[in-house]
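For reference, the chains in residue letters:
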Amino acid sequence: MTSNSTKVRTGEWAARWADLKYTLYLLRKNPLVMTGSIIAIFFIVLSLLANVIVDPNLANPTGYPEFGGQYPFERKFVWNKDSIINWGPGIRLYEGPEQFYLGTDNWGRDLLKMTILAIPVDMENAVIITVGAAVFGTLIGALAGYIGGVVDEAVLRTTDIFFAFPALVLALVFAAMIGRSIPTLRLALLLVWWPPYVRLMRGQILGEKEKGYVEALRALGAGHLRILFRHIMPNSIYPILVQATLDFGGVILTFSALMFLGFSPSPSLPELGNLAAAGYEHIFEAPWLIVFPGLTMLIIALAFNLVGDGLRDVLDPKLRR
Amino acid sequence: MKVYEYVIRRLILMIFVLLGVSILVFYLARGFPSGLAPWAPYIHPKMTEEQIQDVKRSHGFDQPIHIQYFYWVRDILHGDWGLTGIWAQGRPANEVFFSHFPYTIELSITAIILTVAIGLPLGVISALKNNKLPDHVSRIIALTGYSTPSYWFGFILQLVFFYYFSLWGLPYLPSSGASGMEGAVARVTGMPVLDGLLAGNLEYTIDAVRHLILPAFSLAFISLGFLARIVRASMLEVMRQDYITLARSKGLKERVVVYRHALKNALIPAVTLTGIFFALLLGGAMITEYVFAWPGVGQLSLRAVFQGDSNFLLVYTLIIAAIIVIANLVVDVAYIFLDPRIKY
Amino acid sequence: MREKNYVLEVKDLKVNFHTYRGEVKALNGVDLKLYKREILGLVGESGCGKSVTALTILGLLPENAYIIGGEILFKGEDLLKKSKEDVRILRTNELATVFQDPLTYLNPVLRIETQLIEVFMLNKKLLRQAVIAKKAHGKNVTFSSLLSWKNELASESSDLKVSRAEIKKMAKHLCEDILGLVKLPDPKRILRQYPFELSGGMRQRTMIAMALARRPAFFVADEITTAVDVTIQAQILHLMRELRDKMDASTIMITHDLSVAAEIADRIAVMYGGNVVEVAPTVKIFRNPLHPYTTMLMKSIPNVKKPVETLKSISGTVPEMINPPSGCRFHPRCPFAMDKCRKKRPNLIEAIEKHEVACYLIGG
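What counts, and where the lines are drawn
Residues numbered from 1 in each chain as written. Chains lettered and ligands numbered in written order. Predicted model: local features only at pLDDT ≥ 70, side-chain atom pairs only at ≥ 80, totals over all residues. Heavy atoms only, no water. Helix = DSSP H or I, 4+ residues; strand = E, 2+ residues; numbered from the N terminus. Buried < 20%, exposed > 50% of the residue type's maximum accessible area, 1.4 Å probe, protein only. Contact = heavy atoms within 4.5 Å. Areas by Shrake-Rupley, 256 points an atom, 1.4 Å probe, with all protein chains shown as cover. Polar contact = N/O pair within 3.5 Å; in protein donor to acceptor, adjacent residues only side chain to side chain. Buried area = accessible area lost by both parts, 1.4 Å probe. Salt bridge = Lys/Arg side-chain N within 4 Å of Asp/Glu carboxyl O. Expected span 1.5 Å × (residues − 1). Core = buried A, V, L, I, M, F, W, Y, C linked by side-chain atoms within 4.5 Å. Pairing = 2+ DSSP bridges. Right-handed = clockwise from strand over helix to strand, strands pointing away. Phe/Tyr/Trp six-rings, centres within 6.5 Å; stacked < 30°, edge-to-face > 60°. Patch = residues over 30% accessible without salt bridge, like charges linked within 9 Å, V, L, I, M, F, W, Y side chains within 5 Å. Lys, Arg positive; Asp, Glu negative; His and termini not counted. Charge placed at Lys NZ, Arg CZ, Asp CG, Glu CD. Bend = angle between axes of the 7 residues up to and from the residue. Axes fitted to C-alpha atoms, helices over the stretch in contact; angles between N-to-C directions. Parallel < 35°, antiparallel > 145°, perpendicular 65-115°, else oblique. Left-handed = near helix turned anticlockwise from the far one by under 90°. Nonpolar A, V, L, I, M, F, W, Y, C, P; charged D, E, K, R; others polar.

## Looking at the overall build of chain A
1) Next: Of regular secondary structure, chain A possesses eleven helices and zero strands.
2) Next: Residue burial in chain A is summarised as follows: out of 321 residues, 54% are buried.
3) Next: Long-range pairs, those at least 24 residues apart, make up 71% of the contacts in chain A between residues at least 6 apart in sequence.
4) Next: Here chain A displays about 14,900 Å² of accessible surface, and carbon together with sulfur accounts for 65% of that area.

See the structure below:
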């Protein structure tokens, strides 16, 4: 009796490879995930190229050199010169040569260009915070779950304390106290974001610990660290990945919210929340100042959430065929 | 163990959590020089140096941080929650908090109602028409809500429903505050809608409701996505269960199968989540309150943070933390009653 | 002449499942006949398609299943051509199933009463007439008495007003009654309980009651003895026999346990790899199995009376259904396989009187 099965690789990694292929197959079938992935990749590429496409000096807080260090105030709050929409009193139509697709802000800077410059700032922060929180939280959770006992209790109680705060409050208090630079904001958000990973990883470890292969490995004489890092953790990684992808959007939103509330180191820093903050006082005069940066953030967060959500569906062991 | 034993155990744990929270916030709030000097509300320019020293000593402001903490605990147990800074007219922190808390409660309750009213059906439809068009559509709606910056959405709502509607001559909704007719009605609960109803003042009530719509919807939009996802996942799992096959085999209409057999099982996690949501909304609606100038405790805490007012922040975080922990407890206990299989 | 005694006839039923790994060809042309008042044992190894056949007849297949071809004739009509709604209505009073593991098949958050009464409430017409019979004619209505009503009901009609409360009350009464019929003690108490509070045997009997309540013409019992211990097993089988006698129902008894089939079935149909390979009255199939698979199955049952020998088993494994063997699906494991076995599947034909088999060795 012959069967048509293709050549099968043997071993642990072969099983993981087959699993991965199945996952990718399921992902490809889901149109929402594909859309999200494409948009996410677009933004990643954009953030890498942003400083090449747009001259970062245009964000210069001390004014444009060609205007003698001043800002070109006749470009303040201008909408696209070809549009005739009357946005309200006080808006002048721009007479100059430049074309602004998204309007200009209170310093006369082109909003489109500022948005492009802002994207890498946010993406970079999101990556650092998400990865940092995930790694940190996962490690602690793994140790807590594996070692158990007093360590586990201590870690649990600590996360309980963190969980009793709404995230924003904690980040605010941290940020207000520690300072207003970007690194300290990152630290503040990282401290807020790590507890869920601890719980997640701990839960996974507790489940895996009971499984047969762990006992087998111990019988073979493998050391604890080896078991933990080479065997248990790779098996538990999927929910962490899902959570990280979903958190990515949340971090961007929270970070920009902090900026919006006034924690940014400088008011002219191109960052999505900051740009929106500038528009807060002028919302009815120049709504585009808030609409477009916020919209950009929405799209980025949505893209990553689509991917993360689809990933979660696909990786849920109960929903897999 | 019996239910009440479980509850007592959890309450004891809660005390530890609150202690931890208070220590954390205390250290952050008073440990850094950038904040408001905690003794500032107690003194005024006319006091002599000696009187100032007296004040400092009685509240322990001249001591190092860890000693100060015990002074603070002592004060708390005597009912003295500290005074706020100039930004809140130097009133006692708890008075400031509780005078504004009802507004936050009103907003949160309305937001939760909206969240459940929209999020629940969205999740159920998503599950029943899994992977077909209604599923994709409701997923996009849910995820969009999830991905929206709260301040941005608030603004968009204000822009459209307040500014443009009034520009275009349409009936518009107010963009800020909780009521346009302050003081027209006796303050009983502190919540404008309820007070209006209690006083029988229809105009006031309607005005309060009009003010409530936009901020509540802004909050709800973001949380309904989350709820819909949970409901969907839960429903999907339930529909695959054997007892659903049996119910169908009895010849029951599909609608009955869903409503009588599936929903009750699927909603258990959703109910527990809603409880926790409510608690979180109470504490975290800051940005929405800020954007809509809603006189709740969220925007107060924002100002307190900027002023570095440690007294108010301590009151705020402790009460909100207590609410969250209690909400968790309530939800866990509710779980016991909802699912007849669980016994403690 | 025997045509009139068929309750159910399955002709050449083919069902596939869409899975990510490919098409699972679960049913490969199943032929089955079910006579009135008989218990047909459907036996075979796991995965041979027994449950799929049952689910297809009842219209309970999952979404990824596709019926490729064949007919299912119930009382002369092809079920596969009926609308979903029509099949559902049939399920309310003609077709019933009992499943294997009552713990997962009963809704954990609903009381037994809720789950049982809804079956009765599906047939309000019957309930209404039962109430009328009781009120107007003073008849003492029990479930057993309802069993003989099937034909009388069509003509009963009355202007007597029957309230909802009365209907519900009658339904409740019937619930208690039917639980007593399946030999459950203290029905009133059981109705108030949740499934997890009952023992395995009690749950199984509750499920049987739920099926009975429809007074079906046709029953499928899918591995109902597998999850219970031997003493309960005996009770359940006894119950099934009683029901066949009292209710005139035909039953398909699905099991992988040949001894259970031997105990209860009038005829036995053996399935392998998505086909029925042999059908015969019980005694005949044990004494004189014709199909090689059946023969080897019988040989593999250890005989209690004879001295201990090595256990015989059938070499090879159950065929994988995505790429099943061509022709007769048993041919890779069959010691008598011929060339034509590989090419075309043999049809199920009546080799000896009342004894059908699908093998080229015996005709075909």
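Having seen it, we continue.
## Things to note about the side chain of C:Asn16
Residues and elements named next belong to chain C.
1) Next: Mapped onto the elements of the fold, Asn16 is located in strand β1 (residues 6-19).
2) Next: For Asn16, a relative accessible area of 12% puts it in the buried group.
3) Next: At 3.5 Å, the side chain of Asn16 and the side chain of Glu23 are in polar contact.
4) Next: Excluding anything up to four places from it in sequence, Asn16 contacts Glu23, Val24, Lys25, Ala26, Asn64, Ala65, Tyr66 and Ile68.

## Overview of the interface of chain B and chain A
1) Next: Taken together, the contacts link 50 residues of chain B with 51 residues of chain A.
2) Next: When chain B packs against chain A, the two sides together hide about 4,600 Å² of surface, and 77% of this comes from carbon and sulfur.
3) Next: Contact with chain A buries surface across chain B, with B:Tyr151, B:Trp152 and B:Phe155 losing the most and accounting together for 14% of the total.
4) Next: At the boundary of chain B and chain A, one finds two salt bridges.
5) Next: Across the pair B:Arg139 and A:Asp309 runs a salt bridge whose closest N-O atoms are separated by 3.3 Å.

## Some remarks on the interface of chain C and chain B
1) Next: In this assembly, 24 residues from chain C lie in contact with 18 residues from chain B.
2) Next: Both sides together, the interface formed by chain C and chain B hides about 2,100 Å², and carbon and sulfur atoms give 61% of it.
3) Next: Considering only the side of chain C, the residues that lose the most area to chain B are C:Tyr105, C:Val109 and C:Glu118, jointly responsible for 28% of the buried surface there.
4) Next: One salt bridge in this structure joins B:Arg260 and C:Glu118, with 2.3 Å as the shortest N-O distance.

## As for helix α5 (residues 133-147) of chain B
1) Next: Taking 1.5 Å as the rise per residue, α5(B) with 15 residues should run 21 Å; its terminal C-alpha atoms sit 21 Å apart, in good agreement.
2) Next: Residues of α5(B) that are buried include every one of B:Asp135, B:His136, B:Ser138, B:Arg139, B:Ala142, B:Leu143, B:Thr144, B:Gly145 and B:Ser147, and no others.
3) Next: Contacts from the buried residues of α5(B) go to α2 (31-53), α9 (224-263) and α11 (288-315) of chain A together with α4 (93-128) and α8 (202-239) of chain B.

## Digging into the nonpolar core
1) Next: One finds A:Phe263, B:Val21, B:Tyr151 and B:Phe312 to be the most contacted residues of the largest nonpolar core, which totals 133 residues.
2) Next: Examining the composition of this core, we find that 17 residues originate from one element, α9(A), more than from any other.
3) Next: Residues in contact with B:Val21, not counting those within four places in the same chain, are A:Ile161, A:Ala164, A:Phe165, B:Thr317, B:Leu318 and B:Ala321.
4) Next: With 95 residues, the next largest nonpolar core counts C:Leu106, C:Phe219, C:Leu243 and C:Ile322 among its residues.

## Some remarks on unusual backbone geometry
Residues and elements named next belong to chain C.
1) Next: Even without a glycine there, the phi angle at Arg37 is positive, about 55°.
2) Next: Following the sequence through the fold, Arg37 ends up in the loop between β2 (22-35) and β3 (39-43).
3) Next: By relative accessible area, Arg37 is classed as partly exposed at 39%.
4) Next: Phi at Lys183 is positive, roughly 65°, even though this residue is not glycine.
5) Next: Relative to the helices and strands, Lys183 is located in the loop between α7 (164-181) and α8 (187-192).

## A few points about the pairing of strand β7 (residues 218-222) of chain C
Remark: a regular strand shows side chains that alternate across the two faces of the sheet.
Residues and elements named next belong to chain C.
1) Next: Buried residues dominate β7, accounting for five of its five residues.
2) Next: Bridge count between strand β6 (residues 95-98) and β7: four bridges; the pairing is parallel. The partner of Thr97 across the bridge, within β7, is Val220.
3) Next: Pairing analysis gives five bridges linking β7 to strand β8 (residues 250-255), with the strands arranged parallel. The residue bridging Asp222 from the neighbouring strand is Ile254, located in β8.
4) Next: Handedness of the β7-helix α10 (residues 230-247)-β8 crossover: right-handed.

## Considerations on the packing of aromatic side chains
All names here are of chain B.
1) Next: Going through the model one piece at a time under the given rule, you end up with 23 aromatic pairs over all chains.
2) Next: When the ring of Phe97 is compared with that of Phe312, the centres are 6.5 Å apart and the planes differ by 45°; the resulting orientation is tilted. Residue Phe97 is found in helix α4, and its partner Phe312 is found in helix α13 (residues 310-338); the two are separated by 215 residues along the sequence. There is no split in this pair, since Phe97 and Phe312 are both buried.

## Considering a positive patch on the surface
1) Next: On the surface, B:Lys253, B:Arg255, C:Lys124 and C:Arg164 cluster together into a patch of positive charge.
2) Next: Within the secondary structure, B:Arg255 is located in helix α10 (residues 254-284).
3) Next: Residue B:Arg255 is classed as exposed on the basis of its relative accessible area of 59%.

## Some remarks on the pattern of salt bridges
Pairing is possible between side chains that carry opposite charge, provided their charged atoms lie close to one another.
1) Next: Per the counting criterion, the structure on display carries 27 salt bridges over all chains.
2) Next: With its nearest N and O atoms 3.5 Å apart, the salt bridge here joins C:Arg192 to C:Glu113. Remark: C:Glu113 occurs in helix α4 (residues 112-121) and C:Arg192 occurs in helix α8; sequence separation between them is 79 residues.
3) Next: Using a relative accessible area of 48% as the deciding quantity, one classes C:Arg192 as partly exposed.
4) Next: Under the relative-accessibility criterion, C:Glu113 is labelled buried at 13%.
5) Next: If you follow the salt bridges from partner to partner, you end up with A:Asp309, B:Asp135, B:Arg139, B:Arg229 and B:Arg232 in one network.

## Some points on the pairing of strand β4 (residues 65-74) of chain C
Residues and elements named next belong to chain C.
1) Next: Taken together, the eight bridges between β1 and β4 define a ladder with antiparallel strand orientation. Across the sheet, Glu9 pairs through a bridge with Leu73, a residue of β4.
2) Next: Two elements, β4 and strand β5 (residues 77-78), share two bridges in a ladder whose sense is antiparallel. Bridge assignment links Leu73 to a residue of β5, and that residue is Asp78.
3) Next: Once β4 ends, the chain turns through two residues before running back antiparallel as β5, passing Lys75 with a positive phi of about 50°.

## Describing α8(B)
1) Next: Between its first and last C-alpha atoms α8(B) spans 46 Å; for 38 residues at 1.5 Å apiece the expected length is 56 Å, and the helix comes up short by more than 12%.
2) Next: Where α8(B) bends most, at B:Ile213, the angle is about 35°, and the proline B:Pro215 comes one to four residues later.

## Some points on the packing of helix α3 (residues 111-147) of chain A against helix α4 (residues 149-163) of chain A
All names here are of chain A.
1) Next: Between α3 and α4, the shortest axis-to-axis distance is 7 Å and the interhelical angle comes to 140°. Put simply, α3 runs oblique to α4. When the axes of α3 and α4 are compared, the crossing they make is left-handed. For the pair formed by α3 and α4, the contact residues are Ile140, Ala144, Gly145 and Ile147 on the first element and Gly149, Val151, Asp152 and Val155 on the second.
2) Next: Counted by class, the contact of α3 with α4 contains five nonpolar, two polar and one charged residues.

Just distances and angles here, no functional claims.
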